[in-house]
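# Working through the structure, step by step
So you can see what is in the structure, the chains are spelled out below.
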Amino acid sequence: MPKVGILMGSDSDLPIMKKAADTLAELGIDYEMTIISAHRMPDIFVEYASGAQERGIRVLIAGAGGAAHLPGMCAALFDLPVIGIPIHTKSVGGVDSLYSIVQMPSGIPVATVAIDGSTNAALLAAEMLAISDEELHQKLKDYREKMKKGVMAKAEKLEKLGADAYLKDSGK
C-alpha cells in the first residue's frame, strides 16, 4: 500500500517528479504517482486529495509550475503533510512557482523545497515517515553515508589527478 502520493499538473513535470519516485524507490517506500489538475478536473482532484488518507497515503508531494496551486489545494483537502515542488518555468525561471507555493495562508502549511527539488521532497517525506519507522530511519542514515563516501571519493580523485585532469576525465 503506497504511503506517499506524487502529483503533478502536467506530464511536462514528469522528468522532475520521477526523481522523487526514484528516491522513494531507493529507500523502499511505496508510492503512487499521477497527473491531476486542480483547475481542469476539480471534481477528480477533490476526490483524490480528500480520499488519499483513507487509501493509506501519509504524505503528498505535489509539483507545480506557474501559478502552482496544486500543493496548496492538496493541503486544503489533506490534513497530513504536503510537500510542494516549484517547477522551473520558462517565463520567470520558477520563481513564480516558488512564491505561489511558499506563501500559503496561515493554518494551511505546505513544506516547500527548491525549484525542481524533487529529490529533497522525497527525502523530506522519508524523514517524516521515519519518525515512527526505525528501519526507514536506518535507510536514511545509510543514504547519507553513501553520499558522504561519494564526495570523499571525488575529493580523493581530485587530489590525485589535479583539476585539469579531473575535469578531462569527468567529461566536464
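In the block above lies the structure referred to throughout.
Report follows, based on the coordinates.

## Let's talk about the overall build of the protein chain
Secondary structure summary: the protein chain contains 7 helices and 5 strands in total. Helices and strands in the protein chain line up, N terminus first, as β-α-β-α-β-α-β-α-β-α-α-α. A principal-axis box enclosing the C-alpha atoms of the protein chain has dimensions of 60 × 45 × 30 Å. The buried share of the protein chain, reckoned over its 172 residues, is 36%. Considering only contacts within the protein chain whose residues lie at least 6 apart along the sequence, 64% involve residues at least 24 apart. For the protein chain, the computed accessible surface area is about 9900 Å², with 56% contributed by carbon and sulfur atoms. Of the side-chain charges in the protein chain, 18 are positive and 22 negative, and the distance between the mean point of each set is 7 Å.

## Structural notes on the sheet that holds strand β2 (residues 31–35)
Ordered by their spatial adjacency, 5 strands build an open sheet running β2-β1-β3-β4-β5, and the pairing between neighbours is parallel. A strand with exactly one partner marks an edge of an open sheet, and here the two such strands are β2 and β5 (111–112). Each of β1 (4–8), β2, β3 (59–64) and β4 (82–86) touches helix α1 (residues 14–26); the most contacted strand, β1, lies at about 170 degrees to it. Helix-sheet contacts for helix α4 (residues 95–102) involve β3, β4 and β5, and the interaxial angle to β4 is about 160 degrees.

## Considering the packing of helix α2 (residues 42–51) against helix α3 (residues 70–77)
In contact at an axis separation of 8 Å, α2 and α3 are set at 55 degrees when each is read in the N-to-C sense. Relative to α3, the element α2 is oriented oblique. When the axes of α2 and α3 are compared, the crossing they make is right-handed. Mapping the contact onto sequence places Phe45, Val46, Ala49 and Ser50 in α2 and Leu70, Met73, Cys74 and Leu77 in α3. Each residue belonging to the contact of α2 with α3 can be placed in one class, and the counts come to 7 nonpolar, 1 polar and no charged.

## Observations regarding the pairing of β2
Bridging between β1 and β2 involves 5 bridges; their strand directions are parallel. Looking across to β2, one finds that Gly5 is bridged to Glu32. Regarding the hand of the β-α-β motif, the stretch spanning β1, α1 and β2 is right-handed.

Thresholds applied
Residues numbered from 1 in each chain as written. Predicted model: local features only at pLDDT ≥ 70, side-chain atom pairs only at ≥ 80, totals over all residues. Heavy atoms only, no water. Helix = DSSP H or I, 4+ residues; strand = E, 2+ residues; numbered from the N terminus. Buried < 20%, exposed > 50% of the residue type's maximum accessible area, 1.4 Å probe, protein only. Contact = heavy atoms within 4.5 Å. Areas by Shrake-Rupley, 256 points an atom, 1.4 Å probe, with all protein chains shown as cover. Lys, Arg positive; Asp, Glu negative; His and termini not counted. Charge placed at Lys NZ, Arg CZ, Asp CG, Glu CD. Pairing = 2+ DSSP bridges. Axes fitted to C-alpha atoms, helices over the stretch in contact; angles between N-to-C directions. Parallel < 35°, antiparallel > 145°, perpendicular 65-115°, else oblique. Left-handed = near helix turned anticlockwise from the far one by under 90°. Nonpolar A, V, L, I, M, F, W, Y, C, P; charged D, E, K, R; others polar. Right-handed = clockwise from strand over helix to strand, strands pointing away.

Interpretation in functional terms is not warranted from these geometric data alone.
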